[in-house]
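What the coordinates show
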Amino acid sequence: MNYEGNIIRPPSEAQSMIIQVTVGCSHNRCTFCGTYKGYSFRIKDMKTIKADIDEASSWGIPFQRAFLTDGDVLILPTKDLIEIIQYIRKKNPRISRIGVYANTKAILKKSLDELKELRDAGLGIVYQGIESGNIDVLRKIKKGAFPHKQRECAEKIIKAGILLSQTVLLGIGGIEKSREHAIDTGKHLGDMSPDYASALTVMLLPNTQLYREYRAGTFRLPDKFGLLEELRLLIEHMNVHRPCLFTSNHASNYLPIRANFPQERDAVLRVLDRIVRNRDDSVLRPEFMRAL
Ligand code: SF4
């Protein structure tokens, strides 16, 4: 496979055929993200992409899903993306769902009709990093997207009939903004009501601006119970209007949660209350097992 640089994918795509379509991320400015630092964003040529699809298709694995990396695949021209999706499906008739990462700018560039065309071709799920619903936090981390634009994206993806999976970052507001970040992010997720919402915990990676801020003492990360309080507050304010599978089972988190909202939300809150009140870390993931 002609993989270049760091190849990452959502945990739910662990069994998927992974095809690298772009290298890096077209934004590449988020202060916490070190995944694509040092790589200039580019779209790979169609010949290389198809050669990788041919190779992965020859392995004899009965893939049912495919995931296209890197950071911002939806920025491809729609016709090229459809060509890639159709080629994957032609070679792998069992593949019924294809997923991509997409940032806000790329989603907004696509018209609703283009998104529907992509859905008809086989684009089944879009993963979007939201990180926070708090405007100051989003500005500070240089996300390049504000809540009203993220909401516009969510509405568009949902309207196009594509599954929407969003991630937010616990701790990204630091101790100073922890409360506002949690409340605004919970409300924001509730407003958007994606099909899937995941809370990850910020990890301080040495090649990032956030790490340098941490070293300089201008960014302070809440401790593990502070992060759980943040999670609790976020969930308390997350009033979804459509069914949403909420997870916090990413390896960066201290407490794995998997619950259907809204019906299981109160039960999750009760568990979090108990752990935070008793400062019970026996159920938490040990520090050495946390990772990205
Ligand atoms: S978090 Fe996403 S949008 Fe931000 S730099 Fe990393 S890959 Fe790009």
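Residues numbered from 1 in each chain as written. Predicted model: local features only at pLDDT ≥ 70, side-chain atom pairs only at ≥ 80, totals over all residues. Heavy atoms only, no water.

Some remarks on helix α7 (residues 178-192)
Over its 15 residues, α7 extends 21 Å from the first C-alpha to the last, a length consistent with the 21 Å expected when each residue adds 1.5 Å. By the burial criterion, the buried members of α7 are Ser178, His181, Ala182, Ile183, Thr185, Gly186, His188, Leu189, Gly190 and Met192. Backbone geometry just downstream of α7 places serine 193 in the positive-phi region, at approximately 45°. (Helix = DSSP H or I, 4+ residues; strand = E, 2+ residues; numbered from the N terminus. Expected span 1.5 Å × (residues − 1). Buried < 20%, exposed > 50% of the residue type's maximum accessible area, 1.4 Å probe, protein only.)

Description of the site of the ligand
Near the ligand the following residues occur: Cys25, Asn28, Arg29, Cys30, Phe32, Cys33, Tyr36 and Lys143. When its residues are assigned to classes, the shell around the ligand shows five nonpolar, one polar and two charged. (Near = heavy atom within 4 Å. Nonpolar A, V, L, I, M, F, W, Y, C, P; charged D, E, K, R; others polar.)

Thoughts on the pattern of salt bridges
By the definition in use, this model includes 17 salt bridges. Here arginine 242 and aspartate 195 are joined by a salt bridge, their closest N and O atoms 3.2 Å apart. Placement of arginine 242 in the loop between α9 (224-236) and β9 (244-247) and of aspartate 195 in the loop between α7 and β8 (196-201) is noted, with a sequence separation of 47 residues between them. The salt bridge partner of aspartate 273 is arginine 232, with a shortest N-O separation of 2.3 Å. Here aspartate 273 is found in helix α10 (residues 265-278), whereas its partner arginine 232 is found in helix α9, with 41 residues between them in sequence. A relative accessible area of 26% means that aspartate 273 is categorised as partly exposed. Beyond isolated ion pairs, a larger network of salt bridges with shared partners links Asp136, Arg139, Lys177 and Glu180. (Salt bridge = Lys/Arg side-chain N within 4 Å of Asp/Glu carboxyl O.)

Quick notes on the packing of α9 against α10
Their axes nearest at 10 Å, the elements α9 and α10 cross at an angle of 155°. As summarised for this structure, α9 and α10 are arranged roughly antiparallel, according to the angle between their axes. You can see that α9 and α10 cross each other, and the crossing is left-handed. Taking contact as the criterion, the partners of Phe225, Leu228, Glu229, Leu231, Arg232, Ile235 and Glu236 in α9 are, on α10, Arg265, Val268, Leu269, Leu272, Asp273, Ile275 and Val276. Looking at the contact of α9 with α10 residue by residue, the classes come out as nine nonpolar, no polar and five charged. (Axes fitted to C-alpha atoms, helices over the stretch in contact; angles between N-to-C directions. Parallel < 35°, antiparallel > 145°, perpendicular 65-115°, else oblique. Left-handed = near helix turned anticlockwise from the far one by under 90°. Contact = heavy atoms within 4.5 Å.)

Comments concerning unusual backbone geometry
Residues threonine 69 and aspartate 70 are joined by a peptide bond in cis, for which omega reads 5°. Along the polypeptide, aspartate 70 turns up in the loop between β4 (65-69) and α2 (78-91). For the bond from phenylalanine 261 to proline 262, the omega torsion is 10°, close enough to zero to count as cis. Within the secondary structure, proline 262 sits in the loop between β10 (258-261) and α10.

Notes on the environment of aspartate 223
Here aspartate 223 lies in the loop between α8 (209-216) and α9. Relative accessible area serves as the criterion here: at 44%, aspartate 223 is assigned to the partly exposed category. C-alpha of aspartate 223 to C-alpha of glycine 174: the two residues are 49 residues apart in sequence and 10.0 Å apart in space. At 2.7 Å, the side chain of aspartate 223 and the backbone nitrogen of glycine 226 are in polar contact. (Polar contact = N/O pair within 3.5 Å; in protein donor to acceptor, adjacent residues only side chain to side chain.)

Some thoughts on empty space enclosed by the protein
Rolled over the atoms, a probe with the dimensions of a water molecule shows which regions are left empty. Applying the stated criterion across every chain, the model contains one cavity of 30 Å³ or more. Of the volumes computed, that of the largest cavity is approximately 40 Å³. In terms of lining, the largest cavity is formed by Leu170, Thr201, Lys224, Leu227, Leu228, Leu231, Asn253, Tyr254 and Leu255. Of all the elements, α9 adds the most residues to the lining of the largest cavity, at four residues. (1 Å grid on protein atoms, 1.4 Å probe; cavity = no way out; pocket = protein on both sides within 12 Å on 5 of 7 lines; lining within 4 Å. Points joined across faces, edges and corners; volume = space filled by probe spheres on them.)

Observations regarding α10
The first and last C-alpha atoms of α10 sit 20 Å apart over 14 residues, in line with the 20 Å expected at 1.5 Å per residue. Of the surrounding secondary structure, the elements contacted by the buried residues of α10 are α9 and β10. Positive backbone phi, approximately 45°, marks arginine 279, located one or two places after α10.

It is worth stressing that arrangement in space is one thing and function is another; only the former is reported here.
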